[in-house]
Each structure stands twice: as structure tokens, then as C-alpha cells.
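Chain residues, written in single-letter form:
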Amino acid sequence: MTEPVHVFGSFGWLELKITVGELALAISTLAAAYWITRFIQKRQANDEATRDLMIKLCEDALQELSALSGAMEDCSSDCKIEDAGRQRIRRHMQRFSNSVHTIEVAAAKATLNKLTHRITEVKDLRQTLHTQITDPLVTDPGLNPDQLRQIEGTVRQTREALITLQLAIIQQ
Amino acid sequence: MNVAEKTVSINVAQEFSKTPGPRFRSEGNFSGEQFREEILEPKFLSATAENARMFVDLDGGYGYATSFLEEAFGGLARIHGEDRLLRILDLKSDEEPYLIDDIKRYIRGERD
């Protein structure tokens with residue numbers, strides 16, 4: 001049985017004819033192309049939103065790290081820290097640590113597995129910083145110049161690790 | 001009654017101190033060593049004897065030094081074994097959630 005042929009017109013040497021089957025195939029191909037394009041656009045938008053969020057969380061962590069470093073400046077002259085100063089440093093340490101934890105949670109929820117080792121690097125430095133800062137704070141007189149110098153070195157390493165993480169997110 | 005659901009609880013801020021101190025008693029008050037010997041280990045032994053879980057609430061204080069947590073939890077694991085401790089231990093730290101991972105690392109001896 002021959003399918004009906006629709007003749008759209010004849011333009012010199014070009015003659016447009018299409019069968020019902022060809023028409024159905026063309027429509028289904030166009031529909032599939034439309035949905036695939038929409039899916040890709042939506043996925044790209046999601047990826048971009050995830051990337052923006054992760055970069056923002058890294059910026060937050062960098063800000064908290066700067067605030068922590070600033071709080072450490074208060075005790076750089078005589079190294080003896082009053083109770084209020086100890087509490088301020090602990091609070092900034094807690095905020096910075098929580099900001100790193102939030103990065104880890106967000107990356108896990110977004111299944112950004114490629115960032116795992118970069119995040120682990122930041123976490124390890126965060127833990128080193130926690131040890132370097134919190135241990136002397138529970139003993140008198142507080143932090144000595146050697147400890148302050150070590151802390152400043154770890155702050156620098158942590159800042160670099162966070163920036164490296166940001167770059168990895170951008171390059172994803 | 002399901003005995004596995006029994007829980008022995010510890011609230012560090014209420015039962016020990018809101019200002020936990022250093023690692024050893026010789027370094028100052030409210031040390032990790034003191035917490036382990038006076039609170040954590042007796043509760044652990046009680047939980048083990050009763051086939052119960054041990055729940056430790058870390059919130060409510062002014063923060064923990066790394067050495068306090070390592071001596072308390074890592075020290076307990078060194079005495080009684082990490083598997084025995086990890087099998088029954090539940091930790092809560094809404095204020096500093098990263099402490100839960102840190103403590104598990106101390107128990108596994110990954111860091112001191």
C-alpha cells in the first residue's frame with residue numbers, strides 16, 4: 001500500500017514532496033531535539049547555579065578566615081590573652097570551621113566528587129589550625145610568638161587551599 | 001523491651017564543664033583525662049554492660065581544645081578498642097558539627 005504523498009510545490013528543479021511517515025518522523029525528531037536542548041539548558045543552568053553557590057561558600061570561608069586572623073592580631077603584642085580575647089578567637093575559629101563544614105556538606109549534596117581531595121586538603125588545614133589555636137588557649141599564658149608564627153603560616157596555607165578550591169570549581 | 005535501644009547519655013556542659021580544658025590533669029582544670037576517667041569511661045562501661053548505646057551531647061559549652069577531645073575519646077579507644085567504642089557511640093554537636101568527624105578520626109587513631 002502506498003502512503004499518501006503531499007506535494008508542497010514545485011520550484012524549478014526543486015520539488016517538495018513528503019509522505020505521512022516522513023512527516024511524523026520529522027515532527028518526532030524536532031520534538032526530541034527540542035526536549036534535549038531544554039534538558040541541556042536546564043542542566044547547564046543548574047551546574048552554573050551550583051558553581052556560583054560553591055564559590056560563594058568559599059568566599060564566606062575566606063572572610064571567616066580573615067576575621068580569625070584579625071582576632072589573632074589582638075594577642076600578638078604580649079601574647080597574654082584575656083578571657084574575652086580567648087572567647088573572641090574561639091568564636092572566630094568556630095565560625096571558620098563551620099564555614100568549611102558547610103562547603104563539605106554542599107559539595108556532598110551536589111555530588112561534586114572531583115572536588116573531594118581539594119576539600120579534604122582544606123579540612124586537614126582547618127583541623128591543624130584548630131589544634132594550633134585551641135590547645136594553647138586552654139593553658140596559661142596563651143600563645144607565644146613561635147605559636148603565633150606557626151598559626152599565621154597555617155592561615156596562609158589555608159587561604160591558598162581555599163583559593164585553589166575556588167579555581168577548581170570555576171574550571172569544572 | 002528491646003535492650004539494644006537503651007541509651008546511656010552524657011551532656012558534657014551539664015555534667016562536666018562548659019569550659020573544657022587541656023589534655024592532662026597536670027596542665028589545668030577540666031582536662032580531657034579527667035573527663036575520660038570520671039565521666040566517659042564509667043558511662044562507657046555501664047553502656048557496654050547493659051548492651052546500650054552511649055550518647056554524648058557536645059553542645060552548650062564554650063568550645064573544645066583538640067587535645068581535650070583526643071585525650072578523652074582517642075584515649076578511651078586506646079584502652080577499650082576503637083571498634084567497641086565506635087559500635088555504641090552516638091555524638092551530637094549542632095553548634096560545631098565538624099567535631100563529630102574529628103572525634104571519629106581521633107578514635108581511629110588517625111590524628112593526635
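Structure first, text after, so check above.
To keep things clear, this report deals only with the structure shown in the data block. (Residues numbered from 1 in each chain as written. Chains lettered and ligands numbered in written order. Predicted model: local features only at pLDDT ≥ 70, side-chain atom pairs only at ≥ 80, totals over all residues.)

Time to look at the overall build of chain B. Per the secondary structure count, chain B includes 5 helices and 3 strands. Written out in order from the N terminus, the α and β elements of chain B read β-α-α-β-α-α-β-α. Considered along the principal axes of its C-alpha atoms, chain B spans approximately 45 × 25 × 25 Å. When burial is assessed residue by residue, chain B has 35% of its 112 residues classed as buried. (Helix = DSSP H or I, 4+ residues; strand = E, 2+ residues; numbered from the N terminus. Buried ≥ 20, exposed ≤ 12 C-beta atoms within 10 Å, placed from the backbone.)

Residues and elements named next belong to chain A. The terminal C-alpha atoms of helix α1 (residues 20-73), which comprises 54 residues, lie 79 Å apart, in line with the 80 Å expected from a rise of 1.5 Å per residue. Looking only at α1, the buried set comprises M54, L57, C58, A61, L65, L68 and M72. Where α1 is buried, its residues touch α2 (83-109) and α4 (145-171). (Expected span 1.5 Å × (residues − 1). Contact = placed C-beta atoms within 7 Å.)

Counting residues at the interface gives 15 residues for chain B, matched by 14 residues for chain A. Of all the secondary structure elements, the ones that give two or more residues to the side of chain B that touches chain A are α3 (66-80) and α5 (98-107) of chain B. A breakdown of the residues in the side of chain B that touches chain A according to their chemical character gives 6 nonpolar, 5 polar and 4 charged. (Nonpolar A, V, L, I, M, F, W, Y, C, P; charged D, E, K, R; others polar.)

Further remarks concern the pairing of strand β2 (residues 53-57) of chain B. A regular strand places its side chains on the two faces of the sheet in alternate fashion. Residue and element names in this part refer to chain B. Taking every second residue as pointing to the same face, the buried face of β2 carries M54 and V56, while none of R53, F55 and D57 on the other face is buried. With 5 bridges connecting them, strand β1 (residues 7-11) and β2 associate as parallel partners. Note on β2: the bridge partner recorded for S9 is F55. Examined bridge by bridge, β2 and strand β3 (residues 89-92) share 4 bridges and lie parallel to one another. Note that in β3 the partner of F55 across the bridge is D90. (Pairing = 2+ DSSP bridges.)

Attention shifts here to the environment of L115(A). All names here are of chain A. Along the chain, L115 turns up in the loop between α2 and α3 (116-137). Considering only alpha carbons, one finds L115 and P136, 21 residues apart in sequence, at a separation of 32 Å. Excluding residues within four positions of it along the chain, L115 makes contact with A107, L165, A168 and I169.

Residues and elements named next belong to chain B. The sheet built from 3 strands is open, its strands ordered β1-β2-β3 with parallel pairing. At either margin of the open sheet sits one strand with a lone partner, and together these are β1 and β3. Taking the axes of each pair of neighbouring strands and ignoring which way they run, one obtains an average angle of 20° across the sheet. Most of the contacts of helix α2 (residues 32-49) go to β1, to which it runs at about 170°, and overall it touches β1 and β2. (Axes fitted to C-alpha atoms, helices over the stretch in contact; angles between N-to-C directions.)

This paragraph deals with unusual backbone geometry. A positive phi angle, close to 45°, is found at T111(A), a residue other than glycine. One non-glycine residue with positive phi stands out, namely F30(B), at about 55°. Of note, F30(B) is situated in the loop between α1 (12-15) and α2. Given 18 C-beta atoms within 10 Å, F30(B) falls into the partly exposed group.

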